[in-house]
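Summary of structural features
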Amino acid sequence: MMESIPLEHGMIVAGILFCLGLIGVMTRRNVIFILMSLEIMLNAGGLAFIVAAARWQHADGQIMFLMILTLAAAEVAVGLGLIIQMFRRHHTVDISVLNQMKG
Amino acid sequence: MLDLVGLLPLFPLLGFLILVLSFGRLPKLAVAIVGAGSVGLSFLLAAGISITLLTSNMESFSRLIWTWMSVGDFTSGFSFYLDGLAVVMILVITGVGFLIHLYSTGFMIDDPGYAKFFAYMNLFVAAMLVLVLADNLVLLYLGWEGVGLCSYLLIGFWYENPANGYAARKAFVVTRVGDTSMAVGLFLLFTQLGTLNIQDMLLGAEQQWVTGQGVAVVAALLLLGGAVGKSAQLPLQTWLPDAMAGPTPISALIHAATMVTAGVYLIARTHVLFELAPLAQNLVAWVGLITLLMAGFTALTQFDIKRILAYSTISQIGYMFLGLGVGAWSASIFHLMTHAFFKALLFLAAGTVILSLHHEHNIFKMGGMWRQLPVAFASFIIGSAALAALPFTAGYFSKDEILLAALAVEGGTLLWLGGVLGAFLTALYSFRLVFIAFLGKPSHATREVTGFTMAFPLAVLAFLSLAGGLIHVPVEQVFGLSEEHHAGFLVHAFMIAVPILGVAAAWLFFLARPQWAESMKASTVGGALHRFWFSGWGMDALYQIVFVRPFVFLANLNRHDFFDTLYAGIAALTRGGHKMVAQAQTGQLRWYAVSIAIGLVLMISLGVAL
Amino acid sequence: MILLFYLASVIAIVSTVAVIVQSNIVHALIYLILSLLSVAVMFFTLGAPFAAMLEAIVYAGAIMVLFLFVIMMLNLGPATKEQERRWLPGSIWVLPAILAALLLLQLVSVLAGGPVEIAPVEVGVREVSVLLFGPYLLAVELASLLLLAALVGAYHLAKKGNR
């Protein structure tokens, strides 16, 4: 039942997911999409940890994944609050209006 | 009494300090008492010291006031040295100086810078005294620079007029050229002889160097350069006519009686050195001769009363240089003394004229004032007679001695002839001044402005201009006994006749038949000569082309200051780099994400590669 | 099992691609949930059931629902779909795709060692809990602090009347 899966393949999948998330962050202008792409990246990181845990056959990877999950939750909560603030001020979700730190 | 020699420059220096530190708040009477009184006190002290020294058996007296610097083997102190030469100089400086200070208390009474004037004058007298009393060349150089500074301050006394500031700067810069030459000479003497104490140095030079040795010639030439600058001889004479922009009393004191004679004093002091360098000494004579002729011709064409007197000063100092050049040391010092008397007299009288005519300087606008300005007229007659070396004036005795000494020297006939021509010119231009300004038809109706403070110095100086020829300068011990020069009766008669001829020619051309002078001036050759001589033989224009223009050109090239640009360039580079990098801060989040990704890629590739 | 792993990974990748190219926000969100669930399946196949459950419940369940709530609250309207389309011309994908491809290449080259086989032994809830209450106790406390901070922050930021 439990046959062996090559380690690299798991890592490669995590890598692909991470890069896709990165593309999403770099490309999209809607700030909610950017947040979603960030979630994708975090998730890919978690996948990498679980793959590693499966390789070494202990639970530390899962605990790390738990921490990442907690972090993602906290980040999403605060991030969405900030998005709401931004929407109230600028009445748009375009990220290019937030450029006052330029120069 | 001799121990008090240190007080001599101290009195005027204290006067200077009091006047400066009172910030001009003292009443005018107090300023006059402090200003003139300090120099008067110095004169009394100088008289006492001189009598003490001359009646004693001492040849010289020297006193160390304090040690100025002591570095390694080299010690230099504030030490004063008194001998016959120094005695003559201090008496002239304090005596004539006091008379001029007294005159100025009346002359400058309406000027708002009254206290400033006396402060600067006192500082000048102090510096000049230090110069002539100095025992070593370093202290002499201190006095040298001090009088240069005071000359600058006083020429530009009325500084609100930029032309005065320009004249002061010109004087300072031109004399600076001479000062640099002198400083280099000092360095050379120190490295060669190991000491800067004048007497030790002269002794060492006599022992170590043979006559005509190269080092001696170079050192003497360098010192000559300094003397030429300060005494306004060729080629550094261009500053003195412009220095007439200052008040008349300082023209009298600084640019007639004392500072310009500092060069003569320097050469006389270091005469041993010049005797060891015949080439340099010969050059001194020729410089003197050429300068006296050039200045004589120029004075003939001037119309500003003070400029005529300035050129005559240049000419007379040329005589002194001529005397030094032929080895007539005591004759030159004698002429220095008599010149101080009659030139100060002439300048002070000119001041009276100028003041009475409300600052009119042009002699062609004056005329026929002999009745209205009697004191000035009498002073001018006496002074001009002494200047022209008419018989029985002080100038006659001194000038004759110099010319006789020139004749006695080998190959000196040319010098003598030039000197005699110069005497003719001197009589011509000085009496031209008298005739045009004082005789003829009256042009102004005016009253003379002369109080006691102005008339008394004029009277004293007039007396000295006549009787000063009988004073015997006690400088034998300094220069060694000079030979009495005897010349034939014809020579003496010739030398007496020439100035009288000059007076007659002046009477003819400028009083009796002025149209002859006018027609000469109007002719092509005459007109060209007149313009050429008027511009001081074109020397100002020459210097403008040769020195001023290239220097200004170079300064303009460096207008943006190369080194400053270097440092400013570094700052500009940094700012430019900042601007470039700041363009990466667009404020756009996606751009930042892209740059993070790029950085990540680069980092990993670096990690993989290394 | 292996087949399931590869299948789940393909679905995850495809749906992630769909997420980032979508114009409609809600559609993208749904695709994201799909991706997360496939990753949960992958966790199962790797012998980490606890993580899989957490992924499904917390990530796909709570966090994505939170996203949905906010999107609904902002009430962006149908105009946003057009807007999104306008913001995504074809040329915009070029640079990010190149960068991501480079990164992927590097990651793959770094990770490509000798084939290490994973024999998926199931690491159950029991092992995880033992570790949590043992060596990683502090981590749990810190996580709760973090959540508290996030709670207060989110409440404060999203308050009405808070300019």
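1. Topic: the overall build of chain A
When its secondary structure is counted, chain A shows 3 helices and 1 strand. Ordered by position from the N terminus, the helices and strands of chain A form the series β-α-α-α. Over its C-alpha trace chain A gives a radius of gyration of 17 Å, far above what one expects of a compact globule, namely 13 Å for 103 residues. Expressed as lengths along the three principal axes of its C-alpha atoms, the size of chain A is roughly 55 × 30 × 25 Å. For chain A, the proportion of its 103 residues judged to be buried stands at 66%. For chain A, the proportion of contacts with a sequence separation of at least 24, taken over those separated by at least 6, is 53%. Put simply, chain A shows about 3,700 Å² of open surface, and 67% of that area lies on carbon and sulfur atoms.

2. Some thoughts on the side chain of Arg28 of chain A
In this fold, Arg28 of chain A is placed in the loop between helix H1 (7-27) and helix H2 (31-56). Residue classification places Arg28 of chain A among the buried residues on the basis of a relative accessible area of 0%. Of the polar contacts made by the side chain of Arg28 of chain A, one reaches the backbone oxygen of Ile20 of chain C; its length is 2.7 Å. A polar contact of 2.7 Å, which involves the side chain of Arg28 of chain A, links it to the backbone oxygen of Gln22 of chain C. Ignoring anything within four residues of it in the chain, the contact list for Arg28 of chain A reads Phe33 and Ile34 of chain A, Arg590 of chain B together with Val19, Ile20, Val21, Gln22, Ser23, Glu84 and Leu88 of chain C.

3. A closer look at the packing of helix H3 (residues 84-107) of chain B against helix H11 (residues 262-269) of chain B
Residue and element names in this part refer to chain B. Orientation of H3 relative to H11, taken along the N-to-C sense of each, is 170 degrees, at an axis distance of 11 Å. Relative to H11, the element H3 is oriented roughly antiparallel. Judged by residue contacts, Leu85, Ala86 and Met89 of H3 engage Tyr265, Ala268 and Arg269 from H11. Its residues assigned to classes, the contact of H3 with H11 shows 5 nonpolar, no polar and 1 charged.

4. Observations concerning helix H3 (residues 60-90) of chain A
An α-helical turn contains 3.6 residues, so any two residues separated by three or four positions project in the same direction. Under the 1.5 Å per step criterion, the end-to-end length of H3 of chain A is 44 Å for 31 residues, consistent within 8% with the ideal 45 Å. With its phi angle positive at about 55 degrees, His91 of chain A sits one or two positions after the end of H3 of chain A.

5. Quick notes on the environment of Leu53 of chain B
All names here are of chain B. Structurally, Leu53 is set in helix H2 (residues 28-55). Taking the C-alpha atoms as reference points, Leu53 and His359, separated by 306 residues in sequence, lie 45 Å from one another. Each residue touching Leu53, except ones within four places of it in the same chain, is listed here: Leu2, Met58, Phe61, Leu82, Asp83 and Val87.

6. Focus on the interface of chain B and chain A
When the parts of a complex come together, some accessible area is lost, and that lost area is often taken as the interface size. Counting residues at the interface gives 11 residues for chain B, matched by 14 residues for chain A. Both faces considered, chain B and chain A share a buried interface measuring about 1,000 Å² in area, 62% of it formed by carbon and sulfur atoms. By the criterion of area lost to chain A, the three top residues of chain B are Gln588, Leu589 and Arg590 of chain B, representing 46% of everything that side buries. Applying the counting rule to chain B against chain A returns 0 salt bridges. If one sorts the elements of the side of chain B that touches chain A by residue count, helix H26 (residues 589-609) of chain B sits on top with 6 residues.

7. Things to note about the pattern of salt bridges
Under the counting rule described, the total for this entry stands at 7 salt bridges over all chains. What you see here is one network of salt bridges that share partners, running through Lys170, Asp242, Arg307 and Asp540 of chain B.

8. Observations concerning empty space enclosed by the protein
All names here are of chain B. According to the stated counting rule, one finds 4 cavities of 30 Å³ or more in the structure shown. Forming the walls of the largest cavity are 16 residues, and the residues nearest its centre are Gln237, Thr238, Pro241, Tyr311 and Gly536. Secondary-structure elements contributing two or more residues to the lining of the largest cavity are helix H13 (278-299), helix H14 (305-325) and helix H24 (539-557). The element that contributes the greatest number of residues to the lining of the largest cavity is H13, accounting for 4 residues. Its volume calculated, the second largest cavity comes out at about 50 Å³. The wall of the second largest cavity is formed by Ala389, Tyr396, Lys399, Asp400, Leu403, Val420, Ala423, Met495, Val498 and Pro499. Elements represented by at least two residues in the lining of the second largest cavity include exactly helix H17 (394-408), helix H18 (413-438) and helix H21 (489-512). For the lining of the second largest cavity, the element with the highest residue contribution is H17, accounting for 4 residues. When its residues are assigned to classes, the lining of the second largest cavity shows 8 nonpolar, no polar and 2 charged.

9. Some remarks on helix H10 (residues 248-257) of chain B
Among the 10 residues in H10 of chain B, 10 count as buried, and that is most of the element. Against the buried residues of H10 of chain B lie H3, helix H4 (114-133), helix H5 (137-155), helix H9 (239-242), H14 and helix H15 (329-356) of chain B.

10. Examining the nonpolar core
By size, the foremost hydrophobic cluster in this structure holds 200 residues, and its most contacted members are Leu82, Leu140 and Phe380 of chain B. Per-element tally for this core: the top contributor is H15 of chain B, with 19 residues. Those residues in contact with Phe380 of chain B that lie beyond four places of it in its chain are Ile305, Leu346, Ala349, Ala350, Val353, Leu433, Val434 and Phe438 of chain B. Grouped together as the second largest cluster of nonpolar side chains are 82 residues, Ala72 and Ile84 of chain A together with Ile25 and Ala52 of chain C included.

Rules behind the numbers
Residues numbered from 1 in each chain as written. Chains lettered and ligands numbered in written order. Predicted model: local features only at pLDDT ≥ 70, side-chain atom pairs only at ≥ 80, totals over all residues. Heavy atoms only, no water. Helix = DSSP H or I, 4+ residues; strand = E, 2+ residues; numbered from the N terminus. Rg over C-alpha atoms; globule rule 2.2 N^0.38 Å. Buried < 20%, exposed > 50% of the residue type's maximum accessible area, 1.4 Å probe, protein only. Contact = heavy atoms within 4.5 Å. Areas by Shrake-Rupley, 256 points an atom, 1.4 Å probe, with all protein chains shown as cover. Polar contact = N/O pair within 3.5 Å; in protein donor to acceptor, adjacent residues only side chain to side chain. Axes fitted to C-alpha atoms, helices over the stretch in contact; angles between N-to-C directions. Parallel < 35°, antiparallel > 145°, perpendicular 65-115°, else oblique. Nonpolar A, V, L, I, M, F, W, Y, C, P; charged D, E, K, R; others polar. Expected span 1.5 Å × (residues − 1). Buried area = accessible area lost by both parts, 1.4 Å probe. Salt bridge = Lys/Arg side-chain N within 4 Å of Asp/Glu carboxyl O. 1 Å grid on protein atoms, 1.4 Å probe; cavity = no way out; pocket = protein on both sides within 12 Å on 5 of 7 lines; lining within 4 Å. Points joined across faces, edges and corners; volume = space filled by probe spheres on them. Core = buried A, V, L, I, M, F, W, Y, C linked by side-chain atoms within 4.5 Å.

So far we have only geometry, and geometry alone does not tell us how the molecule works.
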